[in-house]
Structures are given as C-alpha cells and as structure tokens.
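Residue-level listing of the chains:
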Amino acid sequence: MAKFASEGDLSEKAISFTCIGEGLYAFTAEGDPNTGVIIGDESVMIIEAQATPRLARKVIECVRSVTDKPISHLVLTHYHAVRVLGASAYGAREIVMTDAARSMVVERGAEDWESEFRRFPRLFEGHDEIPGLTWPTTTFSNSMTVYLGKRRVDILQVGRAHTAGDLVVWVPDEEVMFTGDIVEHRSACYCGDAHFRDWPQTLVNIADFNPRAIAPGRGEALIGEEIVTEAIASTTDFVISTFQAAERVAARGGSLREAYVAVRAACDPKFGNFAIYEHCLPFNVSRAYDEARGIQSPQIWTAERDRRVWEQLREEV
C-alpha cells in the first residue's frame with residue numbers, strides 16, 4: 001500500500017520570494033503552504049504563519065531581505081495547523097482570524113493539529129518549538145480594515161469555501177489579493193473541511209475584485225490578469241468536478257468507495273499532476289460524499305479517522 005498521505009514526501013522545496021506589487025510579496029515553495037507579506041509605512045503584516053516556528057523563520061529571513069520594519073500583524077486565513085502553528089516566531093502584537101475560524105480552533109483545533117502532523121511530517125519538523133494552539137487577539141465577521149500607516153488593508157469574508165471561516169486580504173492601492181486556500185495554482189485543493197456548494201460563488205466574488213495579482217494558498221504567485229483568471233477557473237473546475245462526481249454516486253445510493261472511483265475518473269486526467277493531488281484525494285472525496293448526502297458541517301478529522309478513510313479508499317480495486 002502507498003504511504004499514508006504525505007509521509008513519503010521528505011524532500012525540501014525550493015523557496016521563492018516574489019514581489020507582486022509595491023511592498024507586497026508572496027513566499028512560495030513548490031506547492032507547500034504559501035505566506036503573504038504586506039509592508040506598510042512603519043510595520044509589516046504577515047498572512048499565514050506556516051506550520052512551525054522553524055518554517056516561519058524562513059519567511060522572516062525573506063522579509064528581512066527587503067525591510068527592517070517590525071512585524072505588527074499576523075492574519076490567518078483559516079484555522080488549519082499547517083497555516084497557524086508557526087505564529088509565535090513573528091512576535092506580532094495582533095493576530096487576526098474570523099469569528100468562525102476561532103470557533104473552529106475551539107471545536108477541532110487540537111484534533112486538526114494531530115491529524116496534520118501525521119499527514120505531513122516534513123512540514124512539522126521542529127514541532128517541539130510550537131507552544132500550543134494559536135489563538136487570535138482580534139476576530140471579526142464580514143470585514144475589518146487595518147491601516148499600516150497610510151496603507152489600507154481590507155480583511156474580508158467573501159464566502160465559505162476551503163473552510164467555513166475563510167478570509168481574504170485585499171490591498172486596494174495595488175489591487176492585490178491574498179486568498180489563502182480559496183484559490184490554488186497547479187496544486188490540488190484540500191477539500192476535507194470544504195463547503196463545495198458555496199465555493200464556486202466565493203471564487204466569483206474574488207474575481208469581481210479584478211485583482212491584478214493574487215498570492216494563492218499553494219503554488220506560484222499569480223501576476224497579471226491572464227494567470228489570475230486561469231487559476232480561478234482551474235480552482236473552480238477542480239471543486240465542481242470533485243463534487244459533481246461524488247454527488248452523482250450519492251444520488252443513486254452508491255458507496256464512498258464508488259464515489260472515490262468516480263472522482264478519480266473525473267479528476268485524474270485534468271489534475272493528476274498537481275501538487276498534493278494524491279494526498280488530498282481521499283479526504284476530498286469523503287467530504288464531497290458527505291455534503292452530497294446532506295451533511296452540512298464537515299466532520300472532525302482525527303488521526304484515527306484519517307487512517308480509516310485512507311485505507312478504505314486507497315486499497316486496490
């Protein structure tokens with residue numbers, strides 16, 4: 001049997017630190033989780049903390065290559081462990097999440113930490129430095145605005161997608177957006193905590209901003225209208241293709257295993273070479289099948305449930 005999730009993914013990824021607007025940067029690493037950087041007049045905002053303080057220090061090293069301004073704000077687009085547990089390294093005075101994301105830390109943060117640690121051991125090297133769950137100092141619903149000196153930064157909920165608590169960060173002076181995992185580029189969407197029926201409209205809402213550049217959740221920085229449009233369309237196709245294949249199976253009373261086969265048939269030809277595709281597939285199918293059968297709130301992933309679903313779906317036909 002293939003190794004569980006990304007247990008076999010042990011190679012370091014090449015880091016890129018790309019300018020996507022004046023004072024705006026995307027830290028990317030070949031399909032690993034991305035981090036965004038916004039440089040204001042007197043301080044810096046970070047979007048996404050990385051999984052550990054060890055990985056966060058790689059971000060900080062890149063930040064220090066372009067500015068010596070202090071890091072004042074850390075914005076977390078959702079609650080997943082690979083995005084938030086490096087928070088302590090930044091020393092930010094403000095840590096921002098949506099109200100919904102904080103509620104999910106309360107409800108399932110500890111379980112998600114254990115689950116993701118086992119799925120992605122490479123990302124959690126140095127995990128002994130993590131002081132505990134990451135808690136926001138500031139939460140909001142709908143929208144809030146932060147001024148980094150004269151630079152305005154809008155932090156917005158534009159709809160459910162990757163999780164129920166997603167946010168995006170919009171920098172109006174450069175028309176640049178940091179989307180978290182709502183938008184991916186040549187990387188599979190992780191949909192284990194998704195709201196499939198809402199996600200396509202959320203992507204339309206992002207497209208309506210007409211961003212000149214996007215820092216996606218995974219994949220290279222997207223600069224220019226053509227690649228932004230392509231990435232939004234590809235993400236939409238991934239989400240719809242996954243859900244519709246599972247939905248058809250659920251509608252006729254088929255099994256989870258049958259849904260997995262159907263999703264593979266629909267998605268392998270288009271997305272099989274995307275980063276973390278094989279990793280995500282069993283979790284994506286499980287959630288799609290649940291939502292298609294009327295289970296609106298994603299079930300909590302635990303290390304035990306991870307293994308059970310993985311082994312059930314990945315066994316040879």
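Residues numbered from 1 in each chain as written. Predicted model: local features only at pLDDT ≥ 70, side-chain atom pairs only at ≥ 80, totals over all residues. Heavy atoms only, no water.

1. Some details on the overall build of the protein
Here comes step 1: When helices and strands are tallied, the protein shows 8 helices and 13 strands.
Here comes step 2: C-alpha atoms of the protein, sized along the principal axes, occupy 60 × 40 × 35 Å.
Here comes step 3: Relative to its 317 residues, the protein shows a buried fraction of 58%.
Here comes step 4: Partitioning the intrachain contacts of the protein with sequence separation of at least 6 by distance along the chain shows that 69% fall at a separation of at least 24.
Here comes step 5: Summed over all atoms, the accessible surface of the protein reaches about 12500 Å², with 48% contributed by carbon and sulfur. (Helix = DSSP H or I, 4+ residues; strand = E, 2+ residues; numbered from the N terminus. Buried < 20%, exposed > 50% of the residue type's maximum accessible area, 1.4 Å probe, protein only. Contact = heavy atoms within 4.5 Å. Areas by Shrake-Rupley, 256 points an atom, 1.4 Å probe, with all protein chains shown as cover.)

2. A closer look at the sheet that holds strand S1 (residues 16-21)
Here comes step 1: The mixed open sheet is built from 7 strands, whose spatial order is S1-S2-S3-S4-S5-S6-S7. Two strands lie at the open edges of the sheet, namely S1 and strand S7 (138-140), each paired on one side alone. On average, each strand axis in the sheet is inclined to that of its neighbour by 20°, with strand direction left out of account.
Here comes step 2: Relative to S7, strand S6 (residues 94-98) is paired through 3 bridges, and the arrangement is parallel. Within the sheet, the bridge partner assigned to methionine 97 lies in S7 and is threonine 139.
Here comes step 3: Packing of helix H1 (residues 53-64) onto the sheet brings it into contact with S1, strand S2 (24-29), strand S3 (32-39), strand S4 (44-47) and strand S5 (71-75), and relative to S2 it is tilted by some 140°. (Pairing = 2+ DSSP bridges. Axes fitted to C-alpha atoms, helices over the stretch in contact; angles between N-to-C directions.)

3. Side note on the sheet that holds strand S8 (residues 143-148)
Here comes step 1: Spatially, the 6 strands line up as an open sheet ordered S8-S9-S10-S11-S12-S13, and their pairing is mixed. Either end of the sheet is taken by a strand with one partner, and the two such strands are S8 and strand S13 (222-223).
Here comes step 2: Where S8 lies against strand S9 (residues 151-156), 6 bridges are found, and the strand directions are antiparallel. Bridge assignment links serine 143 to a residue of S9, and that residue is leucine 156.

4. Quick notes on the packing of helix H6 (residues 256-271) against helix H7 (residues 277-292)
Here comes step 1: Viewed as axis vectors pointing N to C, H6 and H7 meet at an angle of 130°, and their least axial separation amounts to 10 Å. Overall, the two elements H6 and H7 adopt an arrangement that is oblique. For the pair H6 and H7, the crossing hand works out as right-handed. Contacts from Leu256, Ala259, Tyr260, Val263, Arg264, Cys267, Asp268 and Phe271 in H6 reach Tyr277, Glu278, Leu281, Pro282, Val285, Ser286 and Tyr289 in H7.
Here comes step 2: Residues belonging to the contact of H6 with H7 are distributed by class as follows: 11 nonpolar, 1 polar and 3 charged. (Parallel < 35°, antiparallel > 145°, perpendicular 65-115°, else oblique. Left-handed = near helix turned anticlockwise from the far one by under 90°. Nonpolar A, V, L, I, M, F, W, Y, C, P; charged D, E, K, R; others polar.)

5. Examining unusual backbone geometry
Leave glycine aside and you will find that most residues have negative phi; peptide bonds, for their part, are mostly trans.
Here comes step 1: Notably, glutamate 30 is not glycine yet its phi reads approximately 50°, a positive angle.
Here comes step 2: Tracing the chain through its elements places glutamate 30 in the loop between S2 and S3.
Here comes step 3: Overall, glutamate 30 belongs to the exposed group, its relative accessible area being 54%.
Here comes step 4: In this model, isoleucine 276 sits at a positive phi of 50°, which is unusual for a non-glycine residue.
Here comes step 5: Mapping isoleucine 276 onto the fold places it in the loop between H6 and H7.
Here comes step 6: Residue class for isoleucine 276 comes out buried when judged on its relative accessible area of 16%.

6. Re the nonpolar core
Nonpolar side chains tend to gather and get buried jointly when the protein is soluble and globular.
Here comes step 1: Counting 85 residues, the largest nonpolar core has Leu74, Tyr90, Trp199 and Ile206 as the members making the most contacts within it.
Here comes step 2: For this core, the leading source of residues is helix H5 (residues 225-251), giving 11 residues.
Here comes step 3: Core analysis: the next-biggest nonpolar cluster, separate from the first, contains 22 residues, Met144, Val153, Val169 and Ala213 among them. (Core = buried A, V, L, I, M, F, W, Y, C linked by side-chain atoms within 4.5 Å.)

7. Side note on the layout of surface pockets
Gaps left between atoms are located by rolling a probe of water-molecule size over the structure's atoms.
Here comes step 1: Its volume calculated, the largest pocket comes out at about 180 Å³.
Here comes step 2: Looking at the largest pocket, it is lined by 17 residues, and the ones nearest its centre are Ala5, Ser6, Asp9, Ile276 and His279.
Here comes step 3: Put simply, the parts of the chain that give the lining of the largest pocket at least two residues each are H7 and helix H8 (303-314).
Here comes step 4: Taken together, the residues that form the lining of the largest pocket break down as 5 nonpolar, 4 polar and 8 charged. (1 Å grid on protein atoms, 1.4 Å probe; cavity = no way out; pocket = protein on both sides within 12 Å on 5 of 7 lines; lining within 4 Å. Points joined across faces, edges and corners; volume = space filled by probe spheres on them.)

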